[in-house]
Amino acid sequence: MAEQAHPPKNNRSILHSIAFRNIAYQLLLVAALAFLGWYLYDNINENLDRQNIATGWGFLNEPAGFDISESIIPFDSSQTFARIFAAGVLNTLHVAFVGIFLATLLGITMGIARVSRNWLVSKVASAYVEICRNVPVVLHVIFWSSIIRLLPHPRQALEPFNGAFISNRGLMLPFPVDNILYPWVAFALVLGIGGALIFARWARFRREHTGQYISVFWPGTSIIVGLPLLVWVLGGAPLTWDYPALKGFNYQGGISLSPEYIALLIGITVYTGAFIAEIVRSGIESIHRGQIEASRALGLRHGFIMRFIIIPQALRVIVPPTASQFLSLTKNSSLGVLIGYPDLVNIGNTSLNQTGQAVEAIAIMMLVYLTISLTISIFMNFYNKLVAIRER
Amino acid sequence: MVDIQSKRTPPPVAERVPAIRWVRDNFFSSAWNTLLTILIVFVLFEAVPAFFEWGVLNAVWGAQDHTSCRSEEAGACWAVIAEKHRPMLFGLFPYEEHWRLLVALIIFISVICITLSRRFWNVKILAPLWIANLGICSLLMWGGLFGLPYVDTQQWGGLPLTMVLFTGTVVFGMPVAVLLALGRRSHMPGIKATCVTFIECMRGVPLITILFVAVNVFPLFLPQGLEFDVMVRVMVGMAIFFACYQAEVIRGGLQAITRGQYEAAEALGLGYWQMMIRIILPQALRVCLPGIVNHIIAAFKNTSYVLIIGLFDILSATTAVMQDPLWRLFTIEAYLFVALVYFIFCFALSKYSQNVERWLDEGRR
């Protein structure tokens, strides 16, 4: 500063002590928050009393009195609110898990396609990314929902291949009839995955100790696929398909996906897939060309370069933002309320209207989503630690 | 890093690649690549002409009767937009007063364009401009002065309502975001913990639940007789949600500022707020400007969530209009139109954000 230096002030006063001020500010904040909390609590009690709205969690044990269109656990309207909320949570998790899986596949494919040297491939991928991420997810969901509504009735359903039907009642697919052998096949699959993991471990141990590189991909895949296949073939290869068939107004049998589920799933998958594609692209582009050239100069094979040079470095850039995309996909699954998919928010909203207990219903929704978000971020943090740079 | 070019040296001459080699390198460099090319060409060959036929050749363009859209050979029914664009774009606003909204939109969008261009980045220009802009736009929307009939916020709708929600979210949200980001970086544990908890809780729940709180629970928190307009409540809810995401972006910017800047500011005898406002924030916000613009785009898209709680923004106005049984079959066309509106706005902003990144890089070189 150009001015003259101020004469030293007399800073003895306790008001000028930084430590004192810091404590004072924090106490003030706590006091303000406490007052705000008390004030709101007081108001809400008074308002609820005046409007004769019951409080507390007692309503969870009362019969819900309304039905839902689809549920993983069996449900009818005489069962309790607690159970219908559980059904809603399961529906949310169901669509979110499938959505995360599909969006990741779509995102990785499109992200790699965007950096392809093939002009056509990269242009198609960037058209997808630009169109889908610049339109709100709400519009995505209701757009797909209205497309499905325009599909033909079950009687004129489209049949892309034998036994599959697409109509405005959703998608019907044939499904294998349950057989006594299937649990054993599943067990063999688990065993196969375990075996593949052990094999990978051994291959790594061997590489680190002898320098001999053993490819894991093909032996691993063949263990995972082969073992269940072997069990199935040895058991006499039982397979009967349950085909959906038109009975009355709708199809019976097979497996069916409701139109609401499909619309929500396509909407959130396509939207989030575009964001993941961008993340994957930036991850790949973050790898310096020199890395690849250096690996080639060392005489490494293409697959080896991908597996040990490019992917581990790209993952460090890709994982953290992808985790937040998974979170946002899960939160966007709450758009089920728009199109009638019975997810948590939809059920919470109906319960809110039925009981009038807005505070409790919304609190349940928020707590469940907070729990899901925290779980996903803890899991992703753990994964992120796995791929992060190990500094010695 | 690699690209160290001063302005004086001309860029290297681009290699002229013969067309045939370009085609070979691009489309047929390997068996896998050739297969992909053939596959995409096949799909495009199937889809593009069909889409063109549906959307252009056989489409019904004029504002004819809905019956002409229903004939067998009719493709897309763009007539639905000619017929319904007024309620779609302007919602329930009185029909004779729609010109006011049009004028307000034109002024508002021009002011946004001016704000975005680097030439006008000066508080002395922008502050009066925005005050005038908000004044004129609210006058046009509310009316009640100069012989303009008064229009209640209940009747606001369509694209102007989207813009109002968007502006409100960003204008209220940005200061809150800065405060939250500073609070999260604070050395006082009480303040830091409060901000962290608040930010993480808001980021952990979907926007819908916050809107539900704004609509259903917030009135219960107020003493009897005190009420806020539902639009204001929703706007505040969106602003807080926006602020929590933006605070994380700004925190990233704050972390990028070196310690030396803080120490220099303290050595000059600046207090906390002066140091932040004059030294740290201008640099931090500049660093994270692309991220800020990305979240502003997200805020624009998020305004469409009001469909769930029954405010008539452009999307919900369209949904409501499309309940008309005569035109119901042509909902897809109407939604495509709305999607185009959102796309133009968001795409322009995202291209702008890329430009900003380039400017920042220029400065760094």
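Keep in mind it's a predicted model, so treat the numbers as computed, not measured. (Residues numbered from 1 in each chain as written. Chains lettered and ligands numbered in written order. Predicted model: local features only at pLDDT ≥ 70, side-chain atom pairs only at ≥ 80, totals over all residues.)

Participant: Even after reading the chapter, I still don't get the overall build of chain B, so can you show me in this structure?
Facilitator: Helix and strand counts for chain B stand at 15 helices and 0 strands. Dimensions of chain B, computed from C-alpha atoms along their principal axes, come out at roughly 80 × 75 × 40 Å. Scored against the burial criterion, the 365 residues of chain B give a buried share of 33%. A fraction of 66% describes how many contacts in chain B between residues 6 or more apart in sequence connect residues 24 or more apart. (Helix = DSSP H or I, 4+ residues; strand = E, 2+ residues; numbered from the N terminus. Buried ≥ 20, exposed ≤ 12 C-beta atoms within 10 Å, placed from the backbone. Contact = placed C-beta atoms within 7 Å.)

Participant: Help me out: how do you make sense of the overall build of chain A in this one?
Facilitator: When its secondary structure is counted, chain A shows 12 helices and 7 strands. A compact globule built from 392 residues would reach a C-alpha radius of gyration of about 21 Å, whereas chain A, at 29 Å, exceeds it by more than 25%. Taking the principal axes of its C-alpha atoms as reference, chain A extends roughly 90 × 70 × 40 Å. Burial analysis of chain A (392 residues in total) assigns 30% to the buried set. Restricting the contact set of chain A to residue pairs at least 6 apart, pairs at least 24 apart contribute 66%. (Rg over C-alpha atoms; globule rule 2.2 N^0.38 Å.)

Participant: Where do I start with the domain arrangement of chain A in this structure?
Facilitator: Buried accessible area, meaning the area lost when the parts come together, often serves as the stated size of an interface. By the assigned domains, chain A splits into domain 1 (28-54) and domain 2 (81-150 + 258-387). Computed from C-alpha coordinates alone, the two centres of domain 1 of chain A and domain 2 of chain A are separated by 38 Å. (Domains from an automatic or database assignment.)

Participant: What should I look at first to understand the domain arrangement of chain B in this one?
Facilitator: Here the domain parsing of chain B yields domain 1 (19-58) and domain 2 (87-93 + 151-364). Of note, the centres of domain 1 of chain B and domain 2 of chain B, computed from C-alpha atoms alone, are 40 Å apart.

Participant: Hey, could you run me through helix α1 (residues 18-50) of chain A in this one?
Facilitator: Along an α-helix, a turn takes 3.6 residues, which lines up residues three or four apart on a common side. All names here are of chain A. Helix length check: α1, at 33 residues, gives a terminal C-alpha distance of 48 Å against a target of 48 Å (1.5 Å per residue), a fit within 8%. Little of α1 sits out of view: just 0 of its 33 residues are buried. Phi turns positive one or two residues past the end of α1, at Asn52, with a value near 60 degrees. (Expected span 1.5 Å × (residues − 1).)

Participant: Looking at this structure, how should I read the nonpolar core?
Facilitator: Among the nonpolar cores identified, the biggest contains 147 residues, and A:Val138, A:Val141, A:Leu264 and B:Leu211 are the most heavily contacted of them. With 14 residues, helix α10 (residues 230-255) of chain B is the single largest residue contributor to this core. The residues touching A:Val141, leaving out its near neighbours within four places in the chain, are A:Ala263, A:Leu264, A:Gly267, A:Leu335, A:Leu338 and A:Ile339. (Core = buried A, V, L, I, M, F, W, Y, C linked by C-beta atoms within 7 Å.)

Participant: I would appreciate a short explanation of the interface of chain B and chain A in the present structure.
Facilitator: Chain B puts 44 residues into the contact, and the matching count from chain A is 44 residues. At the level of secondary structure, the elements contributing two or more residues to the side of chain B that touches chain A comprise α1 (19-27), α2 (31-57), α8 (189-204), α9 (207-221), α14 (314-321) and α15 (331-364) of chain B. Split by residue class, the side of chain B that touches chain A holds 29 nonpolar, 14 polar and 1 charged. (Nonpolar A, V, L, I, M, F, W, Y, C, P; charged D, E, K, R; others polar.)

Participant: Before we go on, may I ask you to explain the packing of helix α7 (residues 158-184) of chain B against α10(B) in this structure?
Facilitator: The geometry of a pair of packed helices is captured by two quantities: the angle between their axes and the separation between those axes. Residue and element names in this part refer to chain B. Contact geometry of α7 with α10 gives a least axis separation of 6 Å together with a crossing angle of 45 degrees. Between α7 and α10, the angle falls in the class oblique. For α7 against α10, the interelement crossing comes out right-handed. For the contact of α7 with α10, the per-class residue count stands at 19 nonpolar, 4 polar and 2 charged. (Axes fitted to C-alpha atoms, helices over the stretch in contact; angles between N-to-C directions. Parallel < 35°, antiparallel > 145°, perpendicular 65-115°, else oblique. Left-handed = near helix turned anticlockwise from the far one by under 90°.)

Participant: Sorry if this is basic, but what is going on with the pairing of strand β2 (residues 170-173) of chain A here?
Facilitator: All names here are of chain A. Where strand β1 (residues 165-167) lies against β2, 3 bridges are found, and the strand directions are antiparallel. By the bridge assignment, Ile166 is partnered in β2 with Leu171. Adjacent in sequence and paired antiparallel, β1 and β2 are bridged by 2 residues. With 3 bridges joining them, β2 and strand β7 (residues 255-257) adopt antiparallel strand pairing. Note that in β7 the partner of Met172 across the bridge is Ser256. (Pairing = 2+ DSSP bridges.)

Participant: Looking at this structure, how should I read the sheet that holds β7(A)?
Facilitator: By way of backbone hydrogen bonds, the strands of a sheet pair with one another, either parallel or antiparallel. Residue and element names in this part refer to chain A. Strands sit in the order β1-β2-β7 across an open sheet of 3 strands; the sheet is antiparallel. Strand pairing shows two members of the sheet lacking a second neighbour, β1 and β7, which therefore form its edges. Going across the sheet, the axis of each strand differs from the next one's by a mean of 15 degrees, ignoring polarity.

Participant: Would you mind showing me how to read the packing of helix α5 (residues 98-116) of chain B against α7(B) here?
Facilitator: All names here are of chain B. Running from N to C, α5 and α7 point in directions that differ by 40 degrees, and their axes come no closer than 10 Å. In terms of their interaxial angle, α5 and α7 are classed as oblique. Relative to α7, α5 is oriented so that their crossing is left-handed. The segment α5 lies against α7, with Leu101, Ala104, Leu105 and Phe108 engaging Leu159, Pro160 and Met163.

Participant: Is there a simple way to explain the environment of B:Ser316 in this structure?
Facilitator: With respect to the helices and strands, the residue B:Ser316 is situated in helix α14. The class for B:Ser316 is buried, based on 24 C-beta atoms found within 10 Å.

Participant: Would you mind going over the environment of A:Phe217 with me for this structure?
Facilitator: Residue and element names in this part refer to chain A. Counting through the fold element by element, Phe217 comes out in helix α6 (residues 217-234). Accessibility expressed as a C-beta count within 10 Å gives 11 for Phe217, which makes it exposed. Between the C-alpha atom of Phe217 and that of Ala196, which follows or precedes it by 21 residues, the distance is 9.2 Å.

Participant: Where do I start with the confidence of the model for chain B in this structure?
Facilitator: A low pLDDT score tells you not to read the predicted coordinates there in detail. Residues and elements named next belong to chain B. Taken residue by residue, chain B gives an average pLDDT of 82. The fraction at 70 or more is 93%. The low-confidence segment residues 1-6 (pLDDT under 50) makes 1 contact with residues lying over four places distant or belonging to another chain. Prediction confidence for the complex, expressed as pTM and ipTM, is 0.85 and 0.85 respectively. (pLDDT = per-residue confidence, 0-100.)

Participant: What exactly am I supposed to notice about the environment of B:Ile279 here?
Facilitator: Residue and element names in this part refer to chain B. Inspection of the secondary structure puts Ile279 in helix α12 (residues 272-287). Look at Ile279 and you get partly exposed, because 18 C-beta atoms sit within 10 Å. As for Ile279 and Gln261, which are separated by 18 residues in sequence, their C-alpha atoms are 7.4 Å apart. In this view, Ile279 contacts Gln261 and Ala265; residues no more than four positions away in its chain are not counted.

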